[in-house]
Amino acid sequence: MLVEIIKTAYTEIIIALSKSRLVFNFCILILIFVSSFVYAEEQISTKIIIKPDFKINVDGDRIYLRDIAYISGDKKITEEIGDICLGYAPKPGYTKRISGRRINYILKTKDWIANDTIIEIPDSITIERSFQTISDDALKEILVKYIEETLGSRDYKVYSLKTRGISKFPTGKMELIYLPSNDIDIKNQLNLRILVNVDGKECTKITLSAKVGIYKDVACALRSISRDTILTEDDVCLEKKDISRMPDNVVTSLSDIIGKQVNQNVSSKSYLRSNMIEEPPIVLKGSKVSLVAKKGLVKVVTYGVAASDGRLGEEIEIENLSSKKVVIGRVKDKSTIEVIF
């Protein structure tokens, strides 16, 4: 319809050219008025529309109007409107409600938004923050890296993984870095602090807890062993066992115990500890020994009989064969006892 009006106006102008100058000027004014009307009608109106009951997800830590609204109109204007910040987003994985009244208030504070802008906003909207989680594989990967750097080539097994701290993180490229610890003794329970970065920025720290079994060769009894037995290769062997729950003094080398004596009964298949092993006596009860007594430059040597077994450096009782008296002496070697005055 408007196009027809314009065509008619141009026709009138042509006709006016053949008439008076006054009529020509009048037609020009009409043409300008009609063209302005057509331009105004064909301008794109700005619209800001938020659909009710529409699930809205945001990724960042702030909520912008472009995230939740359909905005149409002039490109420059719509971009500026879209950049309007409505506040902080909820934590990752959480939701937040924003009232339509608050959004309207924020828009009214922007005096550069035209009064005829079409705004359709529900009474309230719900914002949900997008999130990501850390997979068990990623946790195990960083745990294995830490254990291998700490233990080297030793055998180990991870029994369970647990985390303490937040479990939902902002979306983006995630990086996990374990923090240095002064306590590198991994035994049964391992607690490792993990720094979580997202898109190169520190997000948070979490604690990774794991039960770790450490396997090592341990000396075990092949049979039941009686107290005071001198150990041979027929009595013990090495078996791979989880030492994470064993005491620190568990024996891990047969060379440390072969030829030595157990000071208690040992059941079959049980592991041996260093406090169960001692040097065998070099002086046996009833054996004949030399008794050496020194005082100043005087040295007296006689003979006696050991009243008990004695290890190197131990003090034992010896019966003097000459005087039949019992004296105390210190074992010097398998045949010599130094009398203590």
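Scroll up for the structure.
Residues numbered from 1 in each chain as written. Predicted model: local features only at pLDDT ≥ 70, side-chain atom pairs only at ≥ 80, totals over all residues. Heavy atoms only, no water.

Caption draft 1: Geometry of the overall build of the chain. The secondary structure content of the chain amounts to six helices and 20 strands. Burial status across the chain gives 33% buried among its 341 residues. Of the contacts made within the chain by residues no fewer than 6 positions apart, 56% connect residues no fewer than 24 positions apart. (Helix = DSSP H or I, 4+ residues; strand = E, 2+ residues; numbered from the N terminus. Buried < 20%, exposed > 50% of the residue type's maximum accessible area, 1.4 Å probe, protein only. Contact = heavy atoms within 4.5 Å.)

Caption draft 2: Just unusual backbone geometry, in detail. Even without being a glycine, D199 presents a positive backbone phi close to 55 degrees. Within the secondary structure, D199 is located in the loop between β11 (188–198) and β12 (201–221). Phi at K324 takes a positive value of approximately 65 degrees, unusual for a residue other than glycine. Within the fold, K324 resides in the loop between β18 (315–320) and β19 (326–333).

Caption draft 3: Quick peek at the nonpolar core. In this structure, L143, I147, I194 and L208 are the most contacted members of the largest nonpolar core, which totals 24 residues. Counting residues per element, the ones that place at least two in this core are α6 (136–151), β11 and β12. At seven residues, the largest contribution of residues to this core is made by β12. The contact partners of I194, leaving out residues within four places of it in the chain, are I142, L176, I177, Y178, T204, K205, I206 and L208. The next biggest cluster of nonpolar side chains, apart from the first, holds 21 residues, and it includes V58, L65, A89 and L107. (Core = buried A, V, L, I, M, F, W, Y, C linked by side-chain atoms within 4.5 Å.)

Caption draft 4: A look at the packing of aromatic side chains. Counting across every chain of the model gives one aromatic pair. When the ring of Y146 is compared with that of Y178, the centres are 5.1 Å apart and the planes differ by 80 degrees; the resulting orientation is edge-to-face. In this pair, Y146 sits in helix α6 while Y178 sits in strand β10 (residues 174–178), placing the two residues 32 residues apart along the sequence. Taking relative accessible area as the criterion, Y146 reaches 5% and is therefore assigned buried. Its end group placed over the ring of Y64, R66 keeps NZ or CZ at 4.6 Å from the ring centre. Between the NZ or CZ atom of K288 and the centre of the ring of Y303, over which it lies, the distance is 5.1 Å. (Phe/Tyr/Trp six-rings, centres within 6.5 Å; stacked < 30°, edge-to-face > 60°. Lys NZ or Arg CZ within 6 Å of the ring centre and 35° of its normal.)

Limitation: the analysis is restricted to geometry and does not speak to function.
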